[in-house]
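Per-entry structural report
Residues per chain are reported as follows:
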Amino acid sequence: MEIYNKLFEHFGPRHWWPADTAFEMVMGAILTQNVSWRSAASAIENLKQDGILSLEGILSCDPVDLAVLVRPARYHNQKAKKLQSFCRVIAAEFGGDLEAFLSQEMGILRERLLDIYGIGPETADCIILYAAEKPIFVVDAYTRRIFSRLGYFPEKISYEETQHFFMSNLPRDVALYNEYHAQIDALGHHTCLKSKPRCGECPVVCRCSVQDQFTRQK
Ligand code: SF4
């Protein structure tokens, strides 16, 4: 919580997830895999402009046309297939009712998500936290990099171990998990860069175990 409070004080509220509906959020979570949010947002904008940002729209779109629309998010053939796979499950098993899908018990929802083509732990947990609004902590590369530099665990730690670390040290709170992940993203994106972190402007520098090493390199 001490780290969270310092980050929040520095960056302010991040207002995540940037989406108008749960459906848009899910599509965005798939599109942002391995690319920046800016690239995913550009693909979302294409889907909106083409009028197909809906379950029916994605399912009825020709896969080749869909791949062209999501090209800004890269890996476009795979991502078009992933979007359609997700929509097919909601249509076939939940009559197209995304809310009914998301309202399942958290463990069952996570298991079903992980069974869908192209959805791994990080994407599943983003959907559970930001679309289903259930308390699960999202882990990404920034989380591992920052908290290993802060000395809490080694960078090679597994997804599950990292998630357990946060969830056993924080209250189970959707709003807190939502904001904490967004704060970590802000620090990883703007400050705690992979090769040349900007330690001089870091709000958690006083807790960092490696900042000396990066300062000496300058
Ligand atoms: S002090 Fe530097 S290395 Fe440490 S967390 Fe901040 S930016 Fe990252």
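Everything numeric here is computed off the predicted structure, so don't read it as measured data.

Moving on to the overall build of the protein chain. Secondary structure assignment for the protein chain yields 13 helices and zero strands. For the protein chain, the sequential pattern of α-helices and β-strands runs α-α-α-α-α-α-α-α-α-α-α-α-α. Oriented by its inertia axes, the alpha-carbon framework of the protein chain measures out at about 55 × 35 × 30 Å. Out of the 218 residues in the protein chain, the part that is buried amounts to 50%. Taking contacts inside the protein chain between residues at least 6 apart in sequence as the whole, the part at least 24 apart equals 61%. As presented, the protein chain carries roughly 11000 Å² of accessible surface, and 49% of it is formed by carbon and sulfur atoms. With 24 positive and 27 negative side-chain charges, the protein chain shows a spacing of 10 Å between the two charge centroids.

A word on the packing of helix α2 (residues 22–31) against helix α9 (residues 121–131). At their nearest, the axes of α2 and α9 sit 10 Å apart, and the two run at 160° to each other. In this view, α2 runs roughly antiparallel relative to α9, as classed from their interaxial angle. Regarding α2 and α9, the two cross each other, and that crossing is right-handed. Residues Ala22, Met25, Val26, Ala29 and Ile30 of α2 pack against Thr123, Cys126, Ile127, Tyr130 and Ala131 of α9.

A few words now on helix α6 (residues 76–94). For α6, with 19 residues, the first-to-last C-alpha span of 26 Å sits near the 27 Å given by 1.5 Å per residue. Where the residues of α6 are buried, they touch α2, α3 (37–49), α4 (55–60), α5 (63–69), α7 (98–102) and α8 (106–114). In the stretch just after α6, Gly95 is the one whose phi turns positive, near 55°.

Now for the nonpolar core. Core analysis: the largest hydrophobic core is formed by 71 residues, its most contacted members being Met27, Leu47, Phe86, Leu113 and Tyr180. Both of domain 1 (2–13 + 138–217) and domain 2 (22–131) provide at least three residues apiece to this core. Other than its neighbours up to four places away in sequence, Tyr180 contacts Ile3, Tyr4, Leu7, Phe137, Phe147, Phe166 and Leu170.

Moving on, we come to unusual backbone geometry. Here the bond from Trp16 into Trp17 is cis, since omega is -5°, no more than 30 degrees from zero. Within the secondary structure, Trp17 is located in the loop between α1 (2–11) and α2. Here the phi dihedral of Asn34 falls at roughly 60°; this positive angle occurs in a residue that is not glycine. With respect to the secondary-structure elements, Asn34 resides in the loop between α2 and α3.

Mapping Gln33 onto the fold places it in the loop between α2 and α3. A relative accessible area of 12% places Gln33 in the buried class. The contacts of Gln33, once residues within four sequence positions are left out, are Lys79, Lys82, Gly118 and Thr123.

Let us look at the site of the ligand. The environment of the ligand is made up of Arg149, Cys192, Pro197, Cys199, Cys202, Val205, Cys208, Gln211 and Phe214. Residue composition of the shell around the ligand, by class: seven nonpolar, one polar and one charged.

A separate point is the domain arrangement of the protein chain. We note that the domain assignment places domain 1 (2–13 + 138–217) and domain 2 (22–131) within the protein chain. For domain 1 versus domain 2, the distance between C-alpha centres works out to 27 Å. If you look at the interface, domain 1 gives 10 residues, while domain 2 gives seven residues. Per-residue buried area on domain 1 facing domain 2 is highest for Val138, Tyr159 and Asn178; these three make up 50% of the total on that side. Here domain 1 is connected to domain 2 by zero salt bridges. At the boundary of domain 1 and domain 2, one finds four residue pairs in polar contact (both at pLDDT 80 or more). Going through the elements one at a time, α11 (159–169) and α12 (174–190) are the ones with two or more residues in the side of domain 1 that touches domain 2. Of the residues forming the side of domain 1 that touches domain 2, the biggest block, five residues, is contributed by α12.

How each quantity is defined
- Residues numbered from 1 in each chain as written.
- Predicted model: local features only at pLDDT ≥ 70, side-chain atom pairs only at ≥ 80, totals over all residues.
- Heavy atoms only, no water.
- Helix = DSSP H or I, 4+ residues; strand = E, 2+ residues; numbered from the N terminus.
- Buried < 20%, exposed > 50% of the residue type's maximum accessible area, 1.4 Å probe, protein only.
- Contact = heavy atoms within 4.5 Å.
- Areas by Shrake-Rupley, 256 points an atom, 1.4 Å probe, with all protein chains shown as cover.
- Lys, Arg positive; Asp, Glu negative; His and termini not counted.
- Charge placed at Lys NZ, Arg CZ, Asp CG, Glu CD.
- Axes fitted to C-alpha atoms, helices over the stretch in contact; angles between N-to-C directions.
- Parallel < 35°, antiparallel > 145°, perpendicular 65-115°, else oblique.
- Left-handed = near helix turned anticlockwise from the far one by under 90°.
- Expected span 1.5 Å × (residues − 1).
- Core = buried A, V, L, I, M, F, W, Y, C linked by side-chain atoms within 4.5 Å.
- Domains from an automatic or database assignment.
- Near = heavy atom within 4 Å.
- Nonpolar A, V, L, I, M, F, W, Y, C, P; charged D, E, K, R; others polar.
- Buried area = accessible area lost by both parts, 1.4 Å probe.
- Salt bridge = Lys/Arg side-chain N within 4 Å of Asp/Glu carboxyl O.
- Polar contact = N/O pair within 3.5 Å; in protein donor to acceptor, adjacent residues only side chain to side chain.

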